[in-house]
Amino acid sequence: MNGPGRLIVTAPPPRGRYGEFGGSFVPETVVPALQELEAAAVEALSDPLFLAEFYGLEAGYAGRPTPLHHARRLSERAGRPVWLKREDLLHTGAHKLNNALGQLLLAKRMGKHRIVAETGAGQHGLATATACALLGMECVVYMGREDMRRQAVNVAKMELLGARVEPVGDPAATLKDATSEAIRYWVTNVRDTHYVIGSVVGPHPYPWLVRTLQSVIGSEARAQMLELAGRLPEVVVASVGGGSNAIGIFAAFLPDTEVQLLGVEAGGRGPQPGANGASLGLGTPGVLHGSRSYILQDPDGQVLPTHSISAGLDYPGVGPEHANLLATQRASYIALDDRQALEAFHLTTRLEGIIPALESSHAVAAALRLQAAGGPILVCLSGRGDKDLETVLGWESA
Amino acid sequence: MTTAGDAIRAALPSSDEEPRVCPYLMAGFPEPEATVDLLLAAEAGGGAVIEVGIPHSDPLADGPTIQAAGRLALSRGMTSRLALAQVAQARSRGLRVPVVLMTYLNPVAQFGLEEFCRAAAAAGVDGVLVPDLPLEEMDGLGRAASRAGLALCTMVAPTTPEQRLALAAARASGFVYCVSRTGVTGAGEPTEGAGLLERVRALSDRPLVLGFGVRRRSQVVSLAGLADGVAVGSRIVEAAGGDAAAAAVRDVVAELCGR
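This is a predicted model, so every value here is computed, not measured. Residue indices begin from 1 for each chain and proceed along its sequence in written order. Working convention: letters from A go to chains and numbers from 1 go to ligands, in the order in which they are written. Thresholds applied to this predicted model are a pLDDT of at least 70 for local features of residues and 80 or more for the giving and counting of side-chain atom pairs; totals over whole chains, interfaces and linings are not thresholded and use all residues.

**Quick word on the overall build of chain B**
Then step 1. Put simply, DSSP H or I for four residues or longer makes a helix, DSSP E for two residues or longer makes a strand, and each gets a number counted from the N terminus. Looking only at helices and strands, chain B has twelve helices and nine strands in total.
Then step 2. Here the globule rule reads 2.2 Å times residues to the power 0.38, and the radius of gyration is calculated from C-alpha atoms. Taken over the C-alpha trace, chain B has a radius of gyration of 16 Å; the compact-globule value for 259 residues is 18 Å, and the two agree within 12%.
Then step 3. For the C-alpha atoms alone, the extent of chain B along its principal axes is close to 45 × 40 × 35 Å.
Then step 4. Counting only residues that meet the buried cut, chain B has 59% of its 259 residues in that class.
Then step 5. Residues are defined as contacting one another if the C-beta atoms placed from their backbone atoms lie within 7 Å. Counted over contacts in chain B with a minimum sequence separation of 6, partners at least 24 positions apart contribute 74%. Burial is judged by counting the other C-beta atoms within 10 Å of a residue's own C-beta: 20 or more makes it buried, 12 or fewer makes it exposed, and any count in between marks it as partly exposed, with every C-beta position built from the backbone.

Printed below as a string of structure tokens:
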């Protein structure tokens, strides 16, 4: 295919609602900024010049379109065709750059010169720091201490790129704490700072904006499936932490009601509280980081700690659109545990010569567990696994 | 007949004198057993309205001091129900000034809006303020509060445009909490307070409480004629976390009141 896939631009949902989920539950200080952001995004996404600049960077800088790879040896293993959407080949090594580039172009257009972001695995922080270097903007990234320890290489890269990486919380702090702290920074500096949230979570308009920017994945993958496989996939599989790569690839297939959509959450060490990141599977409706969705919480409404071998899935909430796709049964969601993800990590590496991110390994693991007969499976290989080598080797020597 | 908010409005009369001090305490900090004594100490020091924080795991509007207090309270077993029981116990021990609960939407939502407001009113609470519940989403809590006889307090910030200020004023049956600067609770001077207070005053006859960054007597004095109340959080919470906490809280409140 020629050139990057097109964005799937929809009108923002009224009051940010996806069924009973979504909304905008944030302190008053930033409410006007969110309203301004929604208006600016609607305007920019209908401006051919803005879109041309975005597609230009996606093609010439980020490396879109990313390939669709027919994974023949994984297919043999699965008993049916497996296709990998290679977001791992995007610049900086994951799908996160789609969102970072789009939001930074928007921030520039809005006259904001400073950027704040949160990061878990470091991929969103890295993408944001990269785009800030490219566009000459100041960058602050909040990251939990636990994540800084397990993603030390990404921390070093962000600092090389000129970002200031701020450690958050106690030694166990992860993405949830980093997100809270990034929001606090934004509340304090809202007049000249844009908050680049990294997933389809947070207050409206973020779930809608990030979905729109990540929809390039789905529109490319759908066209590539038709071109290379000659048909639509039977199942689309993607990992779900906050859920941006999943929404990005699902978006193009939502109208194709015959295509099953399967999201894979972090089963971690098991279903007990605090041992996983399976908000949709094991959580209940609640409000976290500005939107109503499924969250992992205790009966008093306090958010529980989480665990996943994959830092990017180690989050107690999930995007509100996913909550609604579950409620309306348009998508289904399962949780696979650390060991299953690790097994798929090795299989993908050995059978395809692709070292996948541990996040994406959850999606591959799910594909390999589907019934061993049937139509093609499209897997979003959302990122590469270089960042995870230490975790994988450490896990296995433990 | 009394209506929701009467007690709060009576405690924060509008005048040219200096504003009344509204101390904030985190329920369950430094330990659940301490809270009732601290509430009484805050009143004894001269607190006009006491704000009681119910701890939450993810307090987006709070700075480091109140975050840490909430974390410790939660680790010592604090719950929303326990906080309401503490207010009820303080009432039975003679606490007279109005109490306004400050917490986040999720603990209230999990409790159930109706049930939370009923239980709070039964415990002797006068009002409720939920900083992450925006004006557009207040219908449910507003109805529940009004049915239970609780006053709803609203929050405005220096970034709030005029038409939202009017909405916040119209929604408030208690006070309007004016955030003194962009930011979270705690450190940082309340640099934008006076301007905001003047803008809200022009639109509202509700009591105006200024908060965020107020920790000295001189700041209280400087707000004479502008604010009806000043919320002091982090400074009081620091005192609550130190030695001889009840006496320290009483003394800090008294100092802020100029006693």
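**Concerning the overall build of chain A**
Then step 1. Counting secondary structure elements, chain A contains 15 helices and 14 strands.
Then step 2. Over its C-alpha atoms chain A spans a radius of gyration of 19 Å, differing by no more than 12% from the 21 Å that the globule rule assigns to 398 residues.
Then step 3. Here the C-alpha coordinates of chain A stretch approximately 55 × 45 × 40 Å along the principal axes.
Then step 4. By residue count, 63% of the 398 residues in chain A fall in the buried class.
Then step 5. The long-range share in chain A, meaning contacts at least 24 apart out of those at least 6 apart in sequence, stands at 76%.

**So, the packing of helix α2 (residues 35-44) of chain B against helix α12 (residues 245-257) of chain B**
Residues and elements named next belong to chain B.
Then step 1. The axes used here are C-alpha line fits, helices contributing only the stretch in contact, and every angle between their N-to-C directions lies in the interval 0 to 180 degrees. α12 packs onto α2 with a crossing angle of 30° between their chain directions and a minimal axis gap of 7 Å. Considering the angle they form, α2 stands roughly parallel to α12. α12 is crossed by α2, and the crossing has right-handed handedness. Residue-level contacts link D37, L38, A41, A42 and A44 of α2 to A245, A246, V249, R250 and V253 of α12.
Then step 2. In this count, Pro and Cys sit with the nonpolar residues alongside Ala, Val, Leu, Ile, Met, Phe, Trp and Tyr, while Asp, Glu, Lys and Arg are called charged and the others, Gly among them, polar. A class-by-class count of the residues in the contact of α2 with α12 yields eight nonpolar, no polar and two charged. Oblique is the label for every angle not falling under 35 degrees (roughly parallel), over 145 degrees (roughly antiparallel), or within 65 to 115 degrees (roughly perpendicular). In a left-handed crossing the near helix is turned counterclockwise from the far helix by less than a right angle, and in a right-handed crossing that turn is clockwise.

**Quick notes on the environment of F212(B)**
Residues and elements named next belong to chain B.
Then step 1. With respect to the helices and strands, F212 occurs in the loop between β8 (208-211) and α10 (217-222).
Then step 2. Along the primary structure F212 and P64 are separated by 148 residues, whereas in three dimensions their C-alpha atoms are 13 Å apart.
Then step 3. Once residues lying within four places of it in the same chain are set aside, the contact partners of F212 are V179, S180, R181, G183, T185 and P190.

**Things to note about the interface of chain B and chain A**
Then step 1. Tallying the contact residues gives 28 residues for chain B and 25 residues for chain A.
Then step 2. For the side of chain B that touches chain A, the secondary structure elements donating two or more residues are α5 (105-111) and β6 (154-156) of chain B.
Then step 3. When residues in the side of chain B that touches chain A are grouped by element, the largest group, five residues, is from α5(B).

**Here's the deal with the sheet that holds strand β14 (residues 377-381) of chain A**
All names here are of chain A.
Then step 1. Should DSSP find at least two bridges between two strands, the strands are regarded as paired. One open sheet accounts for six strands, arranged β3-β4-β14-β9-β10-β13; its pairing is mixed. Two strands lie at the open edges of the sheet, namely β3 (68-70) and β13 (331-337), each paired on one side alone. Pairs of neighbouring strands in the sheet enclose a mean axial angle of 25°, with direction left out of account.
Then step 2. For strand β9 (residues 235-239) and strand β10 (residues 260-268), the ladder comprises five bridges, and the chain directions are parallel. Looking at the pairing, V235 lines up with Q260 of β10.
Then step 3. Sheet strands in contact with helix α13 (residues 338-352) are β10 and β13, and its direction is about 90° off that of β13.
Then step 4. The sheet contacts of helix α14 (residues 358-369) involve β4 (82-86), β9, β10, β13 and β14, and relative to β9 the element is tilted by about 150°.

**Some thoughts on the confidence of the model for chain B**
Reading fine detail from the predicted coordinates is not recommended where pLDDT is low.
Then step 1. The predictor's confidence in any single residue is recorded as pLDDT, a number from 0 to 100. Looking at chain B as a whole, its pLDDT mean stands at 96, while 99% of the residues score no less than 70.
Then step 2. Scoring of the predicted complex yields 0.97 for pTM and 0.94 for ipTM.

**Some thoughts on the nonpolar core**
Then step 1. Note on terminology: a nonpolar core is any set of buried Ala, Val, Leu, Ile, Met, Phe, Trp, Tyr and Cys residues joined through C-beta atoms within 7 Å. V237(A), V379(A), L25(B), C178(B), V209(B) and V230(B) are the most contacted members of the largest nonpolar core, which has 221 residues in total.
Then step 2. With nine residues, helix α9 (residues 206-229) of chain A is the largest single contributor of residues to this core.
Then step 3. Beyond its immediate stretch of four places on either side in the chain, V237(A) contacts L262(A), V264(A), A363(A), A366(A), A367(A), I377(A) and V379(A).

**A short note on α14(A)**
Residues and elements named next belong to chain A.
Then step 1. Take the number of residues in a helix, subtract one, and multiply by 1.5 Å to get its expected span. Taking 1.5 Å per residue, twelve residues should reach 16 Å; α14 reaches 17 Å between its end C-alpha atoms and fits that length.
Then step 2. Summarising burial for α14: eleven of the twelve residues are buried, a large majority.
Then step 3. Regarding α14, the residues found buried are L358, E359, S360, S361, H362, A363, V364, A365, A366, A367 and L368.

**Regarding the packing of helix α4 (residues 96-109) of chain A against helix α5 (residues 123-135) of chain A**
Residue and element names in this part refer to chain A.
Then step 1. It is the contact of α4 with α5, at a shortest axis distance of 9 Å, that shows an interaxial angle of 45°. The orientation of α4 with respect to α5, classified from their angle, is oblique. As α4 packs across α5, the resulting crossing turns out to be right-handed. Between α4 and α5, the residues in contact are K96, L97, A100, L101, L104 and K108 and Q123, H124, A127, T128, T130, A131, C132 and L135, respectively.
Then step 2. Residues of the contact of α4 with α5, tallied by class, amount to eight nonpolar, four polar and two charged.

**Some details on the environment of A62(A)**
All names here are of chain A.
Then step 1. One can find A62 in helix α2 (residues 48-62).
Then step 2. C-alpha of A62 to C-alpha of A131: the two residues are 69 residues apart in sequence and 9.8 Å apart in space.
Then step 3. With residues near it in sequence (within four places) discarded, A62 still touches L57, L90, H91, L97 and L101.

**Overview of α9(A)**
All names here are of chain A.
Then step 1. When the terminal C-alpha atoms of α9 are compared, their 34 Å separation across 24 residues agrees well with the 34 Å that a helix rising 1.5 Å per residue should span.
Then step 2. The bend reported for a residue corresponds to the angle between axes fitted to the seven residues ending at that residue and the seven starting there. At L213, α9 shows its strongest bend, of approximately 40°.
Then step 3. Taken across its 24 residues, α9 has 19 buried, putting it largely inside the fold.
Then step 4. The first or second residue beyond α9 is G230, which carries a positive phi of 75°.

**A look at the pairing of strand β7 (residues 176-179) of chain B**
Residue and element names in this part refer to chain B.
Then step 1. With burial as the criterion, each face of β7 is covered, one bearing V176 and C178 and the other bearing Y177 and V179.
Then step 2. As paired strands, β6 and β7 are joined by three bridges and run parallel to one another. Looking at β7, one finds that V156 is bridged to C178.
Then step 3. As for the winding sense of the linkage, the β-α-β connection from β6 through helix α8 (residues 162-171) to β7 is right-handed.
Then step 4. As defined by bridge partners, β7 adjoins β8 across four bridges and the pair is classed as parallel. Within β8, the residue paired with V179 across the bridge is G211. When the strands point away from the viewer, a crossover counts as right-handed if the path from the first strand over the helix to the second runs clockwise.

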